[in-house]
Structures are given as structure tokens and as C-alpha cells.
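Remarks on the overall topology
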Amino acid sequence: MPKELMSITDDPRINVNPEMYDTYIKEALVYYKGNFPKVKYRPSVGNDGRHEYIKERPFNALNMTKAMCRRMASIIFGKTAEYSFENEQLGVFINDVFQQNRFNDNLQEKLEKAIATGGFAVRPYVENDEVKIAWCDADQFYPLESNSNEIKECCIASTTVKAGEEKNEYTYYTLLEFHQWQQDGTYTITNELYKSDNESTVGEQVPLDEVYDDLQDEVVFHNISRPLFAYFKMPSANNKVLRCPLGLGIVANNKDTLDNINYTHDAFMWDVRTGKRTVLAPAQMIAFDKNHKPSFDVDSDAFVAVNASAQDFKPTELNSDIRVEEFTQTINYWIAEFESGCGVSNGTFSFNPQSGLQTATQVISENSQTYQTRESILTNLDKCITDLATAIIEMALTPALFNNGETPLPADLLNSIDFGNIGLSIHHDDSVFVDANTQRDEDLKVVNAGIMSKKTFLMRNYGMSEEQAEQEIQEINKENAEKPMPKMTALDQAMTSFDEDEGD
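Below, the structure is looked at part by part. (Residues numbered from 1 in each chain as written. Predicted model: local features only at pLDDT ≥ 70, side-chain atom pairs only at ≥ 80, totals over all residues. Heavy atoms only, no water.)

Structural notes on the overall build of the protein
Each helix and strand in the protein was counted, giving 11 helices and 19 strands. Taking all 504 residues of the protein together, the buried fraction comes to 39%. A separation threshold of at least 6 residues defines the contact pool for the protein, and within that pool the share at least 24 residues apart is 63%. Here the protein displays about 30,000 Å² of accessible surface, and carbon together with sulfur accounts for 46% of that area. (Helix = DSSP H or I, 4+ residues; strand = E, 2+ residues; numbered from the N terminus. Buried < 20%, exposed > 50% of the residue type's maximum accessible area, 1.4 Å probe, protein only. Contact = heavy atoms within 4.5 Å. Areas by Shrake-Rupley, 256 points an atom, 1.4 Å probe, with all protein chains shown as cover.)

What follows is the structure in C-alpha cells.
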């Protein structure tokens, strides 16, 4: 009997509270997109007590969620991060896979979304004998079995939309990919395809070949020690859905503050719009054409005709003061509260009426709140990268995934690698927290003290490679050797003779 699902969480294998997706992840995506409903209001004209006239206008929000996530992602993970292995052969292979898949660029982008939604997943797969990397957003990842340390089994969902013959007719296909451990120790990936005419439902299970020609119903892996996926979780505890293994983004606990920022900004923009220059004037003082439009300036809406005589009523200008200072102070107050709720230092953002939202560029000290938050998130991010690298190595040692059974890594590595610790070291760029001139001066003192080599100094402060640094040092030594010795003055000669006499 084919299965039918209203939602993905209806599958009995999925072990997570639907509230996590239906409320918190969905809500976080709304704030991240800045896609808010229009504002409904009752205009001054048209409501006479018998009929209610409602108008709509766009909600002018200040998308602080996007700005905060982008700023935090750029501070936490730099695209210049480097990966080194104790085993040189593994290092060359993993770095090549990362480079071919633009891993660092994609990781910073996915991290930005994860800061809002609570996490993301990443998994390797093999296509045309090459290892590829697929990314899964928070609303695509569903845990099956987990403990307090890690998620061991999962379901990954992806949606394909096909247009029908009729206009606005679409068919929605949802592929569910189940990663599960079996009792005999094997690791299976099961693929199930569902079809629906309604975007809000998963639908009925159909054969895979309706969309995917070469996809198998089930793939069995032997000699696999770790899951073939990696999950990144925001480090803060999930206080909304208790006992849920998924992470919680910055929106969940800062929703009220974000609403306050958005409502204040919207009120400010509406105040600007409604506070335009208006002049009341008697109707007979304004010339109209045959279409009852002002003939003196068709582009102006500053003049409003009133039912009064020119003798009794003089043109009156209405200029309401726009409360710029009050709105600015209020927005900056809520921004400061949002910064505290996200774990970044006060002053990271500021709002200015002339230039809008601004990002601070000052140097952040190592004991700042931002630095501590970054270190906390980096711990989980490094674990995710290590888990991904482990999964890539295990796939690269599985002959059945490659044509002719030829794996990109030699089979003898299978017994020599400790998959609990693959010897990966991740080097992050910390320059955002240290002023370049200050770091150079401090490093120079360390070099003069004999604690740091000149080669390390050049590589660390001038971005030179090891070969470039060695060549530069050779040039410096060559120039110093070619310099003539300075001539001794009469005073130098006298002091030398005096020192020799004292020695005798």
C-alpha cells in the first residue's frame, strides 16, 4: 500500500516535535527574509460610521535579522580558513574536494542562515567518480535518532516542482532520504518520493523514476563507522522545544525585540510620509482644468482646496514636525537590546536617519562579548567540518560508489585511519579581532626576543607563503653581506685601544 503524508513529521520514523518546524524555523525564515504582511489602517476619509473603509500599505521593516546574521557569519568564519591533516595524503585529498566544491564560500553563506534558524546539515555524495558536497537548510533536516552529543540518524528532504500543461498548475515532488543504522552494523540510505498537487502537503508515495532515473531505492554501506552527514547546531540551549536535538536561532528568543525595531522603523517612515508639506487654500484660488485637475502644477499635491471664501480664509501651511531624534534614539535602544540578546558587543550596529543602518568597524578586543560568542559557535562549527571530512574519507574508501571499484584514496588507509580522530586542524583568520599594526608590532618584539622566526613573522604579517618568506630572508641576508663595514672614527679607535689596555 502506498504511503500518504500530510507533513514530513507525520512519518513515524522522524523523532522531533513538529512545533520546531511549524513555529520556530518557519518564523525565523519570515524574519530573515523580511517578508512581513501589509499594514491595515482606517483612513481619515471614507469612514462615516455606517461604512468601514480599510486600506493597506507595505510594512516598512528594518531587516535586523539579515544584517545581524550576515555580520556574525563574516566574523565567525572567514573564507581564508585553512585545513591541515597529520596525514599529508588526506590533507591533499580533502582540500581538493573542498576547493572543487567552493566549500568556504558556501559555508559562510549557510552559516548566515543557520544563525537565524538554528542549524544546517551537509553531506557528501559521489557523482561521476567525484565527491560532491550537498547542503541542507534547517527546514530540510529531520533527526530520527539522537543523543545529547550528536544526531546519528536523519531524514533529508528536498522538493522539486514541475509545471503542468495548464496555467498555474504545478506538481510538487518531495524526496525523503533516510540515513539509518541497521542492527547488523550496516548503514543504509533509503530514498522515497512523494507527489502532491498542493504545496502544503507531502502527498502520496510514487516510484522514484517519475523524477530520478538513476536513483536507487536503497543503498547499503559496510565498514562505515560514522554517519554520512554532518550537522551544525547553534550552541545556545533549545529553551523553546525541550529535549529537541535541533539548535535554536537568534530569532526565537529575540522576536519581541525585533518586532519593536520593525514597528518603530515603520512608524518613523510613515511619519515622514504623512508629514509632507500641505497648504490649505480656498477652492476658488486654485485653477482647475476641464478634468478638475490643478492646472498650475500637475505634479504637485501640496495644495488642498477647502470649502471657504478667499475673504474669510487665507492660505494656511500645515507643517508637522517629524520626530527624527525621538525615533532614532528609540531604534538605537532596541538595537542595543538585540545586540545583547544575540551575544555581540554593544555598538556593533547603529541607526542613522541620513545613512540608515550602519555596521561598526572598530577593533573588537579578545575579551569582548562578540569574541566569546564567536568561540562558542566555532567549537560547534569545527566539529561539523570534522564530521564532514570524516564522512568524505569513508565515502572515498567505498569501492562500490566508483566506476570499476577504483577509489580516490588507497584501500590500505582504511586500517591506518582513526575515524574517531582523523588528525584535522582548522586554522581560522582572527585578524578581525586584532589590529594589523598592533599585531605586527607585538610580533616584531617576539622576533627580537628570539621566540619567533623571521619566516613566521613574514608569513603571519605579510601573507607570504613559506617559499616566498624563505626567498625574502635570503635576499635580506645577501644585501646585508654586500654592505661595506662602516669606517671607525678616531673616537672608536681610541675606545678600542682603551678596551684592549683594560683587558691587558
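A short note on helix 9 (residues 454-462)
Residues of helix 9 that are buried include every one of F457, L458 and N461, and no others. Around the axis of helix 9, the buried residues are gathered within 95° of arc, so they sit on the same side. Phi for G463, located one or two positions after helix 9, is positive at around 65°. (Arc of directions from axis to C-beta.)

Some details on the packing of aromatic side chains
All chains considered together, the criterion is met by 18 aromatic pairs. Note on Y83 and F103: the rings are 6.2 Å apart at their centroids and 70° apart in plane angle, and the pair reads as edge-to-face. Within this pair, whereas Y83 is found in strand 4 (residues 82-85), its partner F103 is found in helix 4 (residues 103-117), the two being separated by 20 residues in sequence. The pair Y83 / F103 is uniform in exposure class, with both members buried. Each residue in the set Y83, F98, F103, F120, W135 and F232 is aromatic and connected to the rest through ring pairs, giving one cluster. Seen from the ring of F178, R13 lies directly overhead, with NZ or CZ sitting 3.6 Å from the centre. In this structure, R57 packs its charged tip against the face of W270, placed 4.3 Å from the ring centre. (Phe/Tyr/Trp six-rings, centres within 6.5 Å; stacked < 30°, edge-to-face > 60°. Lys NZ or Arg CZ within 6 Å of the ring centre and 35° of its normal.)

Quick word on a nonpolar patch on the surface
Among the surface-exposed residues, V272, I322 and V324 lie close enough to one another that they form a single nonpolar patch of about 180 Å² accessible area. With respect to the helices and strands, the residue V272 is situated in helix 5 (residues 255-274). (Patch = residues over 30% accessible without salt bridge, like charges linked within 9 Å, V, L, I, M, F, W, Y side chains within 5 Å. Salt bridge = Lys/Arg side-chain N within 4 Å of Asp/Glu carboxyl O.)

Describing the pairing of strand 8 (residues 151-163)
Both strand 7 (residues 141-146) and strand 8 contribute to a ladder of 5 bridges, which runs antiparallel. Of the residues in strand 8, the one forming a bridge with Y142 is C155. If you look at the hairpin formed by strand 8 and strand 9 (residues 170-181), you'll find 6 residues sitting between the two strands, and N168 has a positive phi there, around 60°. (Pairing = 2+ DSSP bridges.)

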